[in-house]
Amino acid sequence: MKTIFYSFILLVSASFSQTGMVFEEFSDAISKYFDEALIKDIQKEMPVGSNYKIWGWDVGDFSGDGYFDLAFTVREYGLKSRDVKVYLFVDIEGYLVLVDALNKKFVEVPLEVGIVIKDKSCYVTEKIKKFNWNIEGYRFNNGSLSLVDEFETIKIEKFTKETYTNYIDLTKSEKYIKTSNGEIDFRANYLTIPSYPRGKVIYKGYIDEIFSFDVDYIKKGAYDWEGNKDVSFKVKSAYDQKYLYFIIDVFDENVVIPSCEDCTGDYIDLWIDLHDYYKLESKFVKEVGYKIKMQDELDTNLMKFSIFLGDYEKEKPKVNIGASASLSGNQKLASNDIKAISKLTDSGYIVKLKVPFEVLNIDPKQIFDGKISEYGCSVLVHDIDNKFRPEEETQLATSKFTNESPASWGSLFIMPPNKWYGKSKNIYRTKIIKYIEEYGF
């Protein structure tokens, strides 16, 4: 992604003298990739008349079918605003079909909105303002155009912040770089857990479950870790009007069940930083960069839920709560509704946990009102393969995790019912709705 970003910058800086192409010139340029009938498919979707120019374009395959697709930017004459449109065409059964027209803006010249088709994705770059660039990667599959990943760079005081988000595998990374010398001042790599309403169907191509199997996320015992079968795990989350739910599916070829309450055995920690990062970023990142400037303030309002598995016979799973501040009376009362269940599987064990929103001091009304919330969140699995040698414990998390630095934790995105972590548009949606309505639904 970074390579693509810097190629965009070089392209823009080298092309300021260009003035765009009329459609006839563009048609000549792409005629070696598409025959006349396909070029007519494109022309039918263009603005009426000839009051526009095409500035940037690329040909490649972002639908994964082995045929050329096309993306280009269009700027209409006479606009007072600095708007351009990015037209995305996909070869579908021998026709070039317009699957979307993205609205973008430029700062100085339309060429700042650039196109690169690479690695089965179409990357669209946009200059938001000086030192602030954004790149979005799109892919078309089974009738849907989906946002695959996103890269943003922005200058914040003496730092350049780089953020990479992958909406498909749910990984994310952040870096704060000293602009003067390129030295990395802060770095975080982690997995993001999207939490959706219970029962919500996820768009094809996206997932609602993270998978932690990376050696970089081992907090302790990397030397003794023998790979995914030794210990790895999946996490998914959901919510309803009252509870936040987690399912943690652990792959462990040797589950050590403690024989007494204080005996050595496998267990799980769920850490949550209850600062709403989505609000904090909106408020602070444009000015000072919240993860650096607010680091000293982020060690409050933290909670840890330690889940002990029980013995799968008489002893039920148990949840212990740790918090950086004393719980209120309402939180203590609500904590009686915390429930955990655990069961053994052929590949390890599964833990299901439900926590009342009241314990977390989260108002679910704001979620159902359409507000996205992001909380620092990491799951840490404690794996012991030999109860007589507990010092060989492996601790695998969902981030490059340290207890004392909430900025190193992963993320929990609680998504309102009408929103998604990522973006997806089905080109057949209007037709499907029309057919359904014609049948009386």
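None of the values given here were measured: they were computed from a predicted structure.

Time to look at the environment of Phe305. Tracing the backbone through its elements, the reader meets Phe305 in strand S17 (residues 302-308). Sequence separation between Phe305 and Leu353 is 48 residues; the distance between their C-alpha atoms is 9.6 Å. Beyond its immediate stretch of four places on either side in the chain, Phe305 contacts Ile268, Asp269, Leu270, Ile272, Val319, Asn320, Ile321, Ile338, Val355, Val359 and Leu360.

Below, the discussion takes up the packing of helix H2 (residues 23-30) against helix H3 (residues 36-43). With their axes 11 Å apart at the nearest point, H2 and H3 run at an angle of 145 degrees to one another. Where H2 crosses over H3, the two elements pack in a sense that is right-handed. Along its contact with H2, which presents Phe23, Ser27 and Ile30, the element H3 presents Ile39, Ile42 and Gln43.

To continue, consider unusual backbone geometry. Excluding glycine, a negative phi dihedral is what most residues carry, and trans is how most peptide bonds are arranged. The residue Asp119 is not glycine, and still its phi comes out positive at about 55 degrees. With respect to the helices and strands, Asp119 occurs in the loop between strand S5 (114-118) and strand S6 (121-129). Although it is not a glycine, Phe131 sits at a positive phi angle of roughly 70 degrees. If you trace the backbone, Phe131 turns up in the loop between S6 and strand S7 (132-141). Judged by its relative accessible area of 45%, Phe131 falls in the partly exposed class.

This part is about the side chain of Asp61. Mapped onto the elements, Asp61 comes out in the loop between strand S1 (52-60) and strand S2 (69-76). We note that Asp61 is buried and unpaired, the nearest opposite charge coming from Lys120 at a distance of 5.9 Å. One polar contact links the side chain of Asp61 to the main-chain amide nitrogen of Gly64, over a distance of 2.9 Å. In terms of polar contacts, Asp61 uses its side chain to reach the backbone amide nitrogen of Asp65, at 3.4 Å. Not counting chain neighbours up to four residues away, the residues in contact with Asp61 comprise Gly66, Tyr67, Asp69, Ile117, Lys120 and Ser121.

Definitions and cut-offs
- Residues numbered from 1 in each chain as written.
- Predicted model: local features only at pLDDT ≥ 70, side-chain atom pairs only at ≥ 80, totals over all residues.
- Heavy atoms only, no water.
- Helix = DSSP H or I, 4+ residues; strand = E, 2+ residues; numbered from the N terminus.
- Contact = heavy atoms within 4.5 Å.
- Axes fitted to C-alpha atoms, helices over the stretch in contact; angles between N-to-C directions.
- Left-handed = near helix turned anticlockwise from the far one by under 90°.
- Buried < 20%, exposed > 50% of the residue type's maximum accessible area, 1.4 Å probe, protein only.
- Lys, Arg positive; Asp, Glu negative; His and termini not counted.
- Salt bridge = Lys/Arg side-chain N within 4 Å of Asp/Glu carboxyl O.
- Polar contact = N/O pair within 3.5 Å; in protein donor to acceptor, adjacent residues only side chain to side chain.

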